[in-house]
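Listed below are the residues making up each chain.
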Amino acid sequence: TKTDATVVTIFAGGNDANTVGQLVQAQLAGDDVRGFIDQQVRQFGDDLAALVRAVRQKAPNAKVVLLNLPNLAGAPYLARNSALERGVMQRIAVGMSDRVNAQVGPNTVVVDLMCDARILEPSSFSSDGFHPSDRGYALMAELAYPAVVNSSHPSPAADCAMRRVAPVF
């Protein structure tokens, strides 16, 4: 990050969410799976907060624009997984998005991918069902652009139907 940067964008957590989900699926989470997930989500949030602080130290006047995660439980790559596995991923993705949302503050905004249903449309995903397609990237840019250019941006929704696309785990 340059010290004279005016905007820094951060979109993180998808691969982290998959790693946590894989650990749960491989039965490496121990006896308290919910506790394990919640601890991993807290650690992600702590690491993200440290990253935002580091950006602030390096470029104190930059606007920081973060994008939260969509609910990966509704992504095509998990469509054939069990309801329980999708519920686990939902707990992870929603928890991580909540940690991203917690970063909202002075000159720090969050683009709400979690609560925009268009993000989970199959056409928003590449052939692997996880990464964005050209349409998905265009949609993300469309959602992020106002956050970059406007002096204010609405906070992410506290609740929406997209937070519950799978059974609650």
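Please refer to the structure placed before this passage.
Reading the values: the criteria
Residues numbered from 1 in each chain as written. Predicted model: local features only at pLDDT ≥ 70, side-chain atom pairs only at ≥ 80, totals over all residues. Heavy atoms only, no water. Core = buried A, V, L, I, M, F, W, Y, C linked by side-chain atoms within 4.5 Å. Buried < 20%, exposed > 50% of the residue type's maximum accessible area, 1.4 Å probe, protein only. Helix = DSSP H or I, 4+ residues; strand = E, 2+ residues; numbered from the N terminus. Contact = heavy atoms within 4.5 Å. Pairing = 2+ DSSP bridges. Axes fitted to C-alpha atoms, helices over the stretch in contact; angles between N-to-C directions. Expected span 1.5 Å × (residues − 1). Right-handed = clockwise from strand over helix to strand, strands pointing away. Parallel < 35°, antiparallel > 145°, perpendicular 65-115°, else oblique. Left-handed = near helix turned anticlockwise from the far one by under 90°. Nonpolar A, V, L, I, M, F, W, Y, C, P; charged D, E, K, R; others polar. Salt bridge = Lys/Arg side-chain N within 4 Å of Asp/Glu carboxyl O.

Points about the nonpolar core
Now for step 1: Ile10, Ala17, Ile37, Leu66, Ile92 and Met96 are the most contacted members of the largest nonpolar core, which totals 30 residues.
Now for step 2: Taken together, the elements giving at least two residues each to this core come down to β1 (7-11), α1 (14-25), α2 (33-58), β2 (63-67) and α3 (83-101).
Now for step 3: What methionine 96 contacts, discounting residues up to four positions off in sequence, is Gly13, Asp16, Ala17, Val20, Val41, Phe44 and Leu69.
Now for step 4: Counting eleven residues, the second-largest nonpolar core is a separate cluster that includes Val109, Val111, Met140 and Leu143.

Structural notes on the pairing of β1
Now for step 1: Side-chain alternation along β1 places Val8 and Ile10 on a buried face and Val7, Thr9 and Phe11 on a face that remains uncovered.
Now for step 2: With five bridges joining them, β1 and β2 adopt parallel strand pairing. Bridging across to β2, isoleucine 10 finds its partner in leucine 66.

Things to note about the sheet that holds strand β3 (residues 108-111)
Now for step 1: With parallel pairing, three strands are arranged side by side in an open sheet as β1-β2-β3. With partners counted over all chains shown, the strands left at the sheet margins are β1 and β3, one partner each. Strand-to-strand, the axes of this sheet are offset by a mean angle of 20°, without reference to chain direction.
Now for step 2: Judged from the four bridges that link them, β2 and β3 form a sheet pairing that is parallel. Its bridge partner lying in β3, leucine 67 is registered against valine 111.

Some points on α2
In an α-helix, one full turn covers 3.6 residues, which means residues spaced three or four apart are oriented alike.
Now for step 1: The terminal C-alpha atoms of α2 lie 38 Å apart, and with 26 residues this matches the ideal 38 Å at 1.5 Å per residue to within 8%.
Now for step 2: Taken together, the buried positions of α2 are Phe36, Ile37, Val41, Phe44, Gly45, Leu48, Ala49, Val52 and Val55.

So, the pairing of β2
Now for step 1: Across the five residues that make up β2, a large majority, five, are buried.
Now for step 2: Of the two faces of β2, the one holding Lys63, Val65 and Leu67 and the one holding Val64 and Leu66 are both buried throughout.
Now for step 3: The handedness of the β2 to β3 crossover, carried by α3, is right-handed.

Some details on the environment of phenylalanine 125
Now for step 1: Secondary-structure assignment places phenylalanine 125 in the loop between β3 and α4 (134-149).
Now for step 2: Distance in space between the C-alpha atoms of phenylalanine 125 and serine 151 is 30 Å, their sequence separation being 26 residues.
Now for step 3: The residues touching phenylalanine 125, leaving out its near neighbours within four places in the chain, are Ala75, Pro76, Ile119, Leu120, Phe130, His131, Pro132 and Ser133.

Some thoughts on the packing of α1 against α2
Now for step 1: Axis separation between α1 and α2 bottoms out at 11 Å; the angle between their running directions is 160°. Of the possible angle classes, the one that applies to α1 and α2 is roughly antiparallel. Note that α1 runs across α2; the crossing there is right-handed. When α1 is examined against α2, the residues Asp16, Val20, Leu23 and Val24 are found in contact with a partner set consisting of Val33, Phe36, Ile37, Gln40 and Phe44.
Now for step 2: Across the contact of α1 with α2, the residue classes tally to seven nonpolar, one polar and one charged.

Quick word on the pattern of salt bridges
Now for step 1: All chains considered together, the criterion is met by seven salt bridges.
Now for step 2: A salt bridge links arginine 91 to aspartate 38, with the nearest nitrogen and oxygen atoms 2.9 Å apart. Placement of the pair is arginine 91 in helix α3 and aspartate 38 in helix α2, with a sequence separation of 53 residues.
Now for step 3: We classify arginine 91 as partly exposed; its relative accessible area is 25%.
Now for step 4: A relative accessible area of 26% means that aspartate 38 is categorised as partly exposed.
Now for step 5: Among the ionic pairs, arginine 164 bridges to aspartate 159, the shortest N-O distance being 2.6 Å.
Now for step 6: Taking the relative accessible area as the measure of exposure, arginine 164 reaches 46% and is therefore partly exposed.

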